[in-house]
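# Structural description and commentary
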Amino acid sequence: MKEAAVEDLHHYRNLSEFFRRKLKPQARPVCGLHSVVSPSDGKILNFGQVKNCEVEQVKGVTYSLESFLGPRTSTDDVPFPPATPCGSFRNQLVTREGNELYHCVIYLAPGDYHCFHSPTDWTVSHRRHFPGSLMSVNPGMARWIKELFCHNERVVLTGDWKHGFFSLTAVGATNVGSIRIYFDQDLHTNSPRYSKGSYNDFSFVTHANKEGIPMRKGEHLGEFNLGSTIVLIFEAPKDFNFKLKAGQKIRFGEALGSL
């Protein structure tokens, strides 16, 4: 509680408010030396280069990149179209010659600080919301259900950083699909208005704003109502190095990796 902006427990009307508590500014210093920092407190489940267009959610269990992110063409509230070949989908994401695709999976336990922040300086151009299901995302469950993260409700934010494509996906967990993105007032998660197995798209690029939403490293981005998972998928040069160990605890603002 000493880290909380408001230390008095009686200030919080319910557990949900407590989980989403704000921290004192000095409680999580943002690393200035590395280009990508952890967007949240949590546990590192997996990280590394994306191989064969698949990303591991927990050791030994993988999910398809395209089924997780959805196709690259923007459509409004449509069911999944046929999948594209692996190589061509990867090529749609990697925009610069010599770059590789990387991923990092961070699990937020129920007791963790539940706000998440921008992991780098980037511009968010698009949001895709998958209504999905709401199953537990704890590592034990993730080993049993193939492509668990593709079944669960999630919000995929995509855009660009200085090295090309960058995405942050917030994955909902059991009964707590309420994912809030502070700059996105049109997002309604955990809502019966959307059909399962579909997704809906929203573009932040307009005639008035041709760039999208600029985010600074460490800036407040959103919050969960309870434990959940954040997945980063981004392109970077081949000499990008993670400063991590699988299974380690991490705090928002600590280094994930750099060139």
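Labelled according to an unreviewed UniProt entry, the protein appears under the name phosphatidylserine decarboxylase, originating from Ursus americanus. Under Cofactor (unreviewed entry), UniProt gives the following word-for-word description of the protein: "pyruvate". The protein has a UniProt comment under Subcellular location (unreviewed entry) that states "Lipid droplet".

### Quick look at the overall build of the protein
Counting secondary structure elements, the protein contains five helices and 18 strands. Within the protein, buried positions represent 53% of all 259 residues. Within the protein, contacts between residues at least 6 apart in sequence are counted, and of these 77% link residues at least 24 apart. A total of about 12000 Å² of accessible surface is found on the protein, and carbon and sulfur atoms cover 53% of it.

### Examining the pattern of salt bridges
According to the stated counting rule, one finds 11 salt bridges in the structure shown. The salt bridge involving Arg-28 is made with Asp-41; its shortest N-O contact spans 2.7 Å. Residue Arg-28 is located in the loop between helix H1 (15-19) and strand S1 (36-37), and its partner Asp-41 is located in the loop between S1 and strand S2 (42-49); the two are separated by 13 residues in the primary sequence. No difference in accessibility class separates Arg-28 from Asp-41, as the two residues are buried. A salt bridge links Arg-216 to Asp-121; its shortest N-O distance comes to 3.8 Å.

### Quick look at the sheet that holds strand S11 (residues 179-181)
As summarised here, the arrangement of the three strands in space is S7-S14-S11, forming an open sheet in which the pairing is antiparallel. The sheet is open, and its two edges are formed by strand S7 (115-117) and S11, each paired on a single side. Ignoring strand direction, the axes of neighbouring strands in this sheet form an average angle of 20°. Alignment of S11 against strand S14 (residues 220-224), held across three bridges, turns out to be antiparallel. Directly across from Ile-179, in S14, lies its bridge partner Phe-224.

### Some remarks on the nonpolar core
Residues Phe-116, Leu-232 and Phe-234 are the most contacted members of the largest nonpolar core, which totals 31 residues. Listed by contribution, the elements that provide at least two residues to this core are strand S6 (99-108), strand S8 (122-130), strand S9 (154-161), strand S10 (164-171), S11, S14 and strand S15 (228-237).

### Focus: unusual backbone geometry
When glycine is set aside, most residues are seen to have a negative phi, and most peptide bonds are trans. Phi at Asn-52 is positive, roughly 55°, even though this residue is not glycine. For Asn-52, the position within the fold is in the loop between S2 and strand S3 (54-58). Positive phi is not limited to glycine here, since Cys-53 has a value of about 55°. Within the fold, Cys-53 resides in the loop between S2 and S3. Its relative accessible area of 11% is what places Cys-53 among the buried residues.

### Looking at the pairing of S15
On a regular strand, each side chain points to the face opposite its neighbour's, so the side chains alternate between the two faces of the sheet. A large share of S15 lies buried, amounting to 10 of its 10 residues. Here 10 bridges tie S6 to S15, and the two strands are oriented antiparallel to one another. Each residue of the ladder has a partner; that of Leu-101, found in S15, is Glu-235. Relative to S15, S10 runs antiparallel, the two being bridged by six bridges. Paired with Leu-168 across the two strands is Leu-232, which belongs to S15.

### A few points about the packing of aromatic side chains
The full count for this structure, using the stated rule, is 16 aromatic pairs. Between Phe-234 and Phe-240, the aromatic rings sit 5.3 Å apart at their centres with planes inclined by 75°, giving edge-to-face as the arrangement. Each member of the pair, Phe-234 as well as Phe-240, is classed as buried. Three or more aromatic residues link up through ring pairs in this structure, and these residues are Phe-47, Tyr-102, Trp-122, Trp-161, Phe-166, Phe-234, Phe-240 and Phe-242. The ring of Phe-130 carries the charged tip of Arg-154 above its face, separated from the ring centre by 3.8 Å.

### Some words on the pairing of strand S18 (residues 255-258)
Pairing of S1 with S18 involves two bridges; the strand directions are antiparallel. When the bridges of S18 are listed, Val-36 appears paired with Gly-257. Two strands pair when backbone bridges link them, and strand S16 (residues 241-242) and S18 are joined in this way by two bridges, in the antiparallel orientation. Within the sheet, the bridge partner assigned to Phe-242 lies in S18 and is Gly-257.

Each value, and the rule that gives it
Residues numbered from 1 in each chain as written. Predicted model: local features only at pLDDT ≥ 70, side-chain atom pairs only at ≥ 80, totals over all residues. Heavy atoms only, no water. UniProt positions renumbered as here; feature names shortened; annotations may be inferred. Helix = DSSP H or I, 4+ residues; strand = E, 2+ residues; numbered from the N terminus. Buried < 20%, exposed > 50% of the residue type's maximum accessible area, 1.4 Å probe, protein only. Contact = heavy atoms within 4.5 Å. Areas by Shrake-Rupley, 256 points an atom, 1.4 Å probe, with all protein chains shown as cover. Salt bridge = Lys/Arg side-chain N within 4 Å of Asp/Glu carboxyl O. Pairing = 2+ DSSP bridges. Axes fitted to C-alpha atoms, helices over the stretch in contact; angles between N-to-C directions. Core = buried A, V, L, I, M, F, W, Y, C linked by side-chain atoms within 4.5 Å. Phe/Tyr/Trp six-rings, centres within 6.5 Å; stacked < 30°, edge-to-face > 60°. Lys NZ or Arg CZ within 6 Å of the ring centre and 35° of its normal.

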